[in-house]
Every structure is written in structure tokens, then in C-alpha cells.
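For reference, the chains in residue letters:
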Amino acid sequence: MSEFCYSATKKIAEKGYNLVPGRYIEFENRDESLDFDTTMKNLQSELADLLNQEKKTCLAQCVQEFGLPD
């Protein structure tokens, strides 16, 4: 089953038996083009919206449980 396994004995020996993944897997930095400030502001806004929705839902459930008018 060559598609599911690979004997890397030779390659590992060539690299001095160093098993650090970076020696065998090419690292792709996906964060280079990330605009951190914009992304953070968007995430904070989304979180605030979700927290407000949760608050409204919780209040509606409490009103319903106590039989209070909306």
C-alpha cells in the first residue's frame, strides 16, 4: 500500500536522524498576507453580535419561563 505508507529510513539517515517535521514538510506561511488589524476588528464585531444575540435569547427565555408579557 504505497499510497498509505512510505519508508523514509534513507531520508531520515541523510538528515542525521533528526525528526523535526520542518525538515520533511515544506512550511507555507499563510499569515503573511493576513491583515491582522482588519481581521481582528471583524472578529471582535462578530463576537459582540453573537453575545448580544445570546443575551436577547436568554432574556426571552427568562420572560417566557416566568410567564411575563413580552
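What counts, and at which threshold
Residues numbered from 1 in each chain as written. Predicted model: local features only at pLDDT ≥ 70, side-chain atom pairs only at ≥ 80, totals over all residues. Heavy atoms only, no water. Helix = DSSP H or I, 4+ residues; strand = E, 2+ residues; numbered from the N terminus. Rg over C-alpha atoms; globule rule 2.2 N^0.38 Å. Buried < 20%, exposed > 50% of the residue type's maximum accessible area, 1.4 Å probe, protein only. Expected span 1.5 Å × (residues − 1). Disulfide = S-S within 2.5 Å. Patch = residues over 30% accessible without salt bridge, like charges linked within 9 Å, V, L, I, M, F, W, Y side chains within 5 Å. Areas by Shrake-Rupley, 256 points an atom, 1.4 Å probe, with all protein chains shown as cover. Salt bridge = Lys/Arg side-chain N within 4 Å of Asp/Glu carboxyl O.

*Asks:* Tell me about the overall build of the protein, and name the residues and values.
*Replies:* Secondary structure assignment for the protein yields two helices and zero strands. Over its C-alpha trace the protein gives a radius of gyration of 26 Å, far above what one expects of a compact globule, namely 11 Å for 70 residues. Expressed as lengths along the three principal axes of its C-alpha atoms, the size of the protein is roughly 75 × 35 × 20 Å. Burial status across the protein gives 1% buried among its 70 residues.

*Asks:* Can you lay out helix α2 (residues 36–65) for me, pointing to particular residues and giving the numbers?
*Replies:* When the terminal C-alpha atoms of α2 are compared, their 43 Å separation across 30 residues agrees well with the 44 Å that a helix rising 1.5 Å per residue should span. Looking one or two places after α2, you find G67, whose phi comes out positive at around 70 degrees.

*Asks:* Any chance you could break down unusual backbone geometry for me, citing the residues and the numbers?
*Replies:* Unusually for a residue other than glycine, Y17 sits at a positive phi of about 60 degrees. Note on placement: Y17 falls in the loop between α1 (9–14) and α2.

*Asks:* Explain the state of the cysteines to me, using residue names and the numbers behind them.
*Replies:* Applying the stated rule across the entire model yields zero disulfides. Note on C58: no disulfide assigned, nearest cysteine sulfur contributed by C62 at a separation of 4.3 Å.

*Asks:* Outline the environment of Y17, supporting the account with residue identities and numerical values.
*Replies:* The exposure class assigned to Y17 is exposed, which follows from its relative accessible area of 61%. Residues Y17 and A60 lie 43 residues apart in sequence; the distance between their C-alpha atoms is 62 Å.

*Asks:* Lay out a nonpolar patch on the surface with the relevant residues and their values.
*Replies:* A cluster of nonpolar side chains, F36, M40 and L43, forms an exposed patch at the surface whose accessible area comes to about 290 Å². With respect to the helices and strands, the residue M40 is situated in helix α2. We classify M40 as partly exposed; its relative accessible area is 32%.

*Asks:* Describe the environment of V63, and please don't skip the residues or the numbers.
*Replies:* Mapped onto the secondary structure, V63 falls in helix α2. Considering only alpha carbons, one finds V63 and E46, 17 residues apart in sequence, at a separation of 26 Å.

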